[in-house]
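Each chain is listed here by its residues.
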Amino acid sequence: MKRLVIMTVGMTHSGKTTFAKALEKKLENVVVVDQDNHSEFLQTHYEKLVPKNGANHIKHALTKMVVDYAVNHSDCHLILCNANRNQESRKELLSYYKEHNFTSVLVHFNLPISLLKERIAKNNRDTLRLRTASSYDEVLARQDKQTGMEVLDPIAGEADYLFTVKEEGDVLTVMEMINKLT
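Residues numbered from 1 in each chain as written. Predicted model: local features only at pLDDT ≥ 70, side-chain atom pairs only at ≥ 80, totals over all residues. Heavy atoms only, no water.

Undergrad: Help me understand the packing of helix α1 (residues 16-26) against helix α7 (residues 170-181), please; the structure alone is not making it clear to me.
TA: Geometrically, a packed helix pair is captured by the angle between its two axes and the distance between the axes. One way to put it is that α1 packs onto α7 with a least axis distance of 11 Å and a crossing angle of 40°. When the interaxial angle is binned, α1 and α7 end up oblique. The two elements α1 and α7 meet at a crossing, and its hand is right-handed. Together, Phe 19, Ala 22, Leu 23 and Lys 26 of α1 and Val 171, Val 174, Met 175, Glu 176, Ile 178 and Asn 179 of α7 make up the contact between the two elements. For the contact of α1 with α7, a count of residues per class yields 7 nonpolar, 1 polar and 2 charged. (Axes fitted to C-alpha atoms, helices over the stretch in contact; angles between N-to-C directions. Helix = DSSP H or I, 4+ residues; strand = E, 2+ residues; numbered from the N terminus. Parallel < 35°, antiparallel > 145°, perpendicular 65-115°, else oblique. Left-handed = near helix turned anticlockwise from the far one by under 90°. Contact = heavy atoms within 4.5 Å. Nonpolar A, V, L, I, M, F, W, Y, C, P; charged D, E, K, R; others polar.)

Structural data, given as structure tokens:
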């Protein structure tokens, strides 16, 4: 059976989680791995273990454990619902899935900053998952500033398939294209 790993890439409020949840309903036998859920769990139950500064190693370890279990003890497709904006980190992750015979799919949410700002203004998402920022406006500003400083956008050949969402209307088309891959 061909297994897919679908990795979302994009800034805060670009629709990665909404996309992952909708795609989960369309595909059979799929698990969504969302680090925001891991952050909330750790902040709620293990706040003293969560570092105040620097890399959040405990969150990454929790995610790695969940992913390793899904890869090695299930036959599920995986949707990795995170920002995944750093190309080097994506390359490392994608090589892991390639070693385990997954077909890799990147979905790049490349929406205008103005739309993301509108979404943040309208949304009242809990900030519990935020560790190094006090608001989503701050997260977006930091992510926007990083653009151009690092290689962030996915490029052709980085994964087996690359789809880009440039406007809200692209989401259904991309989901249908991924559905055809299964």
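Next, the rest of the story.
Undergrad: Mind showing me how you'd approach the nonpolar core here?
TA: Nonpolar side chains tend to gather and get buried jointly when the protein is soluble and globular. One finds Ile 6, Phe 19, Leu 23, Val 105, Val 107, Val 174 and Ile 178 to be the most contacted residues of the largest nonpolar core, which totals 22 residues. Going through the elements one at a time, β1 (3-10), α1, β4 (102-109), α5 (113-122), β5 (161-165) and α7 are the ones with two or more residues in this core. Core analysis: the next-biggest nonpolar cluster, separate from the first, contains 15 residues, Val 9, Val 71, Leu 78 and Leu 94 among them. (Core = buried A, V, L, I, M, F, W, Y, C linked by side-chain atoms within 4.5 Å. Buried < 20%, exposed > 50% of the residue type's maximum accessible area, 1.4 Å probe, protein only.)

Undergrad: I'm lost on the pattern of salt bridges in this one. Help?
TA: Note that side chains of opposite charge can pair when their charged atoms are close. All told, the structure shown has 3 salt bridges when counted by the stated rule. Across the pair Arg 90 and Glu 158 runs a salt bridge whose closest N-O atoms are separated by 2.5 Å. With Arg 90 in helix α4 (residues 87-99) and Glu 158 in the loop between α6 (136-146) and β5, this residue pair connects regions lying 68 residues apart in the sequence. The pair formed by Arg 90 and Glu 158 is uniform in burial state, with each residue classed as buried. (Salt bridge = Lys/Arg side-chain N within 4 Å of Asp/Glu carboxyl O.)

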